[in-house]
Amino acid sequence: MNKEIENKNKQSEEIRQPVSEDWHSREEPNVKERHLTANPGDRISEQPQSVEEKAKQVAVDVPDITGDQITVPTYFVVEYPDGEKKALHHVKDAEEISDVIRQARVDEEGNRIWW
């Protein structure tokens, strides 16, 4: 008889599977609601930062499929001919980064000359 009761108890236990929660039952907003990107390194700080501070930020630092470590800066620092330094965000300023790269030149020794 104990086995019969045990079997009934097991059958009556609810099976809990992971499912999405209703938006109104969550305690915290999700990534989309917080306007976050999938990659935390893509985010732009709301606080003003110097070019030096931006230059230290890393967007991606993971091994690729071959095992090589891939590091991508969040900002690419560009120094213009007039001496101005500008930190260009790798996503937001991608078009400007492309323009800078297009303007690059190579000297006789194969060294890249930017202007």
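The rules behind these values
- The residue count restarts for each chain, going from 1 along the sequence in the order it is written.
- Two thresholds apply to this predicted model, a pLDDT of at least 70 for residue-level local features and 80 or more for giving and counting side-chain atom pairs, whereas whole-chain, interface and lining totals are computed over all residues.
- Remark: hydrogens and water are excluded; side-chain values derive from all non-hydrogen atoms of the structure.
- Helix and strand assignments follow DSSP, with helices taken as H or I runs no shorter than four residues and strands as E runs no shorter than two, numbered in order from the N terminus.
- Partly exposed residues are those whose accessible area sits between 20% and 50% of the maximum for their type, while under 20% is buried and over 50% is exposed, using a 1.4 Å probe and protein chains only.
- In this analysis, two residues are considered to be in contact whenever any of their non-hydrogen atoms come within 4.5 Å of each other.
- Here the rule is simple: two strands pair whenever DSSP picks up at least two bridges between them.

Asker: Would you mind going over the side chain of His89 with me for this structure?
Answerer: By secondary structure assignment, the location of His89 is in strand S4 (residues 85-89). The exposure class assigned to His89 is buried, which follows from its relative accessible area of 1%. Sequence-distant contacts of His89, that is, excluding residues within four places in its chain, are made with Gly41, Asp42, Arg43, Ile44, Thr74, Tyr75, Ala94 and Ile97.

Asker: How should I be thinking about the pairing of strand S3 (residues 75-79) in this particular structure?
Answerer: Consecutive side chains of a regular strand alternate in pointing toward one face of the sheet and then the other. The sheet contact formed by S3 and S4 spans five bridges and is antiparallel. Of the residues in S4, the one forming a bridge with Phe76 is Leu88. The hairpin turn running from S3 into S4, its antiparallel successor, is five residues long, and Gly83 in that turn takes a positive phi close to 95 degrees.

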